[in-house]
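Architecture at a glance
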Amino acid sequence: MHRSDDIANLFNRLGASVGAYQEIEPQYDYNEDVAVVAHRPVSASANVPAPAAEALATTEPNDSRPLSRLLRELEQQREREAQDSHTLDAGRAALKAKVIALVSTQGGVGKSTLAGALGSALKRMGGTTLAVDLSPQNALCLHLGGGEQWPGLAQAYPHDRDPRQLLREGYGGSQCLAFGAASEPQRLAFEQQLAEDPLWLGRQLAALDLSEHDTVIIDTPPGASVYLAQALEIADVAVVVTHADAAAYAALDQMDRLLAPYRQRPDAVQCGVVVNQLDTSRQFSLDMFAVLKTRTSLPLLGVIHQDHFLGESLAYDRNPLAHTPSTRGCQDTLDLIESLCHLLTLGTQES
Ligand SMILES: Nc1ncnc2c1ncn2[C@@H]1O[C@H](COP(=O)(O)OP(=O)(O)O)[C@@H](O)[C@H]1O
Ligand SMILES: [Mg+2]
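All of these numbers come straight from a predicted model, not from anything done at the bench.

On to the state of the cysteines. Enumeration over the complete set of coordinates arrives at 0 disulfides. Cys 176 provides the cysteine sulfur closest to Cys 141, a residue in no disulfide bond, and the two sulfurs are 6.1 Å apart.

Structural data, given as structure tokens:
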């Protein structure tokens, strides 16, 4: 094979143009127009991580940048990815407690009600359960016996208040970290901060020195948001709360898309579905439930029947699991708690 063929093949494989090839004349002093980066040798056996490989794939076919520059840019890209993933891994590792995030694409499906119930009744290995409200609606505190006077996370920013000062005791010996009654400018500034710092919540929780026996329950607003991203960044388990109806069916793919990046990372978040407010007196609800079960790719973690005692408890400032523990909805919630504890134990053994 000719030397010119070799060169053409090499350039084609790199997505570059043969026109960029220049013979080096030893008598000339070459000055390449590249930013100088600290050189770090790359192991010959190292796999090229997908995003770095993508950076190469997006090189224009007639890109005239010298080969050495393309290779250096790839190396810089790899270094940035390794640094980012190291920072995130270290951040997650600093938080020893197990984290359960309640998520949904729709509002009104019962996330806050369920987060309150899990907060008050879930106990793992004698540890504490901390209920964290990441929803600007600031309703979780109400489900745990508190009110708007409880301080919250939105008020911790920008002053970096010690999160321990924000803890309040809720039903069943739980701890609650409320969202806090935030003004509109406060909420927007808080969201901006969360968008720029994916591990902000992880660090606040790590500062609480929770142990591996403790459990964190996070309530989130519906759909894609900076709050959902913060919760999924540190979640061991994501509980997708849904109704058995046509709107939930239509939203299944959207939920899959939202969860996909967190299910694909090495320490993948475990995901499951909870069908809430199932009305067994209606054939339509039962049929929708049957269809949802076959259609979703996620395991079913539990079913909570429609139980008006759950809603009424909020009106009367009562903890439903202490006041009416034998109702259908409360019994379903206790079954769900058992499933979640089992899932967290399995996850711990595997890791
Ligand atoms: N299992 C249930 N049975 C009956 N009503 C329920 C049940 N779960 C939640 N609800 C009611 O549904 C409404 C919405 O619940 P909420 O927890 O605020 O939803 P989300 O936080 O998802 O917006 C509330 O009125 C609540 O009392
Ligand atoms: Mg809510």
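There's plenty left to go through after this.
We now examine the sheet that holds strand β7 (residues 270–278). In spatial order, the strands read β3-β4-β2-β5-β1-β6-β7-β8; together these 8 strands make up an open sheet with mixed pairing. Of all strands in the sheet, those bounded by a partner on one side alone are β3 (168–169) and β8 (300–305). Pairing analysis gives 6 bridges linking strand β6 (residues 237–242) to β7, with the strands arranged parallel. Residue pairing across strands places Val 240 opposite Val 273, the latter belonging to β7.

This part covers the site of ligand 1. Residues in close proximity to ligand 1 total 15 residues, the closest being Gly 108, Lys 111, Ser 112, Thr 113 and Asp 307. Within the backbone of Ser 112, a nitrogen or oxygen atom sits 2.9 Å from an oxygen atom of ligand 1. One of the backbone nitrogen or oxygen atoms of Asp 307 is found 2.8 Å away from a nitrogen atom of ligand 1. Alone, ligand 1 offers 570 Å² of accessible surface; in the complex the protein occludes 78% of this. Every element with two or more residues in the shell around ligand 1 is listed here: α4 (111–121), β7, β8 and α13 (308–315). Among the elements that make up the shell around ligand 1, the one with the highest residue count is α4 (3 residues). Its residues assigned to classes, the shell around ligand 1 comprises 3 nonpolar, 10 polar and 2 charged.

In the structure shown here, the tally under the stated rule is 10 salt bridges. Glu 233 is the salt-bridge partner of Arg 265, the closest N and O atoms lying 3.6 Å from each other. On the criterion of sequence distance, the pair formed by Arg 265 in the loop between α11 (252–264) and β7 and Glu 233 in helix α9 (residues 226–234) is long-range, its members being 32 residues apart. On the accessibility criterion, Arg 265 (12% relative accessible area) is buried. Within this structure, Arg 65, Arg 69 and Glu 73 form a network of salt bridges that share partners.

This paragraph deals with the confidence of the model for the chain. Regions with low pLDDT carry predicted coordinates that are not meant to be interpreted in detail. For the chain, per-residue confidence averages 85 on the pLDDT scale, and residues scoring 70 or more make up 79% of the total. A low-confidence stretch, residues 28–50 (pLDDT under 50), is modelled with 21 contacts involving residues beyond four sequence positions or located in other chains.

Side-chain polar atoms of Arg 265 contact the backbone oxygen of Leu 232, separated by 3.3 Å. Of note is the side chain of Arg 265, whose polar atom sits 3.2 Å from the backbone oxygen of Glu 233.

It is worth spelling out the packing of aromatic side chains at this point. With the rule as written, the count across this model stands at 4 aromatic pairs. Three or more aromatic residues joined by ring pairs make a cluster, and in this case those are Phe 179, Phe 190, Trp 200 and Tyr 227. Against the face of Tyr 249 rests Arg 295, its NZ or CZ located 5.7 Å from the ring centre.

So, on to the pairing of strand β1 (residues 98–103). Counted residue by residue, β1 has 6 buried out of 6 residues, so it is predominantly covered. Neither face of β1 is open: one carries Lys 98, Ile 100 and Leu 102, the other Val 99, Ala 101 and Val 103, and all of them are buried. Relative to strand β5 (residues 215–219), β1 runs parallel, the two sharing 5 bridges. The residue of β5 that forms the bridge with Leu 102 is Asp 219. Where β1 and β6 come together, 4 bridges link them in parallel fashion. The residue of β6 that forms the bridge with Val 103 is Val 240.

Each value, and the rule that gives it
- Residues numbered from 1 in each chain as written.
- Chains lettered and ligands numbered in written order.
- Predicted model: local features only at pLDDT ≥ 70, side-chain atom pairs only at ≥ 80, totals over all residues.
- Heavy atoms only, no water.
- Disulfide = S-S within 2.5 Å.
- Pairing = 2+ DSSP bridges.
- Helix = DSSP H or I, 4+ residues; strand = E, 2+ residues; numbered from the N terminus.
- Near = heavy atom within 4 Å.
- Polar contact = N/O pair within 3.5 Å; in protein donor to acceptor, adjacent residues only side chain to side chain.
- Areas by Shrake-Rupley, 256 points an atom, 1.4 Å probe, with all protein chains shown as cover.
- Nonpolar A, V, L, I, M, F, W, Y, C, P; charged D, E, K, R; others polar.
- Salt bridge = Lys/Arg side-chain N within 4 Å of Asp/Glu carboxyl O.
- Buried < 20%, exposed > 50% of the residue type's maximum accessible area, 1.4 Å probe, protein only.
- pLDDT = per-residue confidence, 0-100.
- Contact = heavy atoms within 4.5 Å.
- Phe/Tyr/Trp six-rings, centres within 6.5 Å; stacked < 30°, edge-to-face > 60°.
- Lys NZ or Arg CZ within 6 Å of the ring centre and 35° of its normal.

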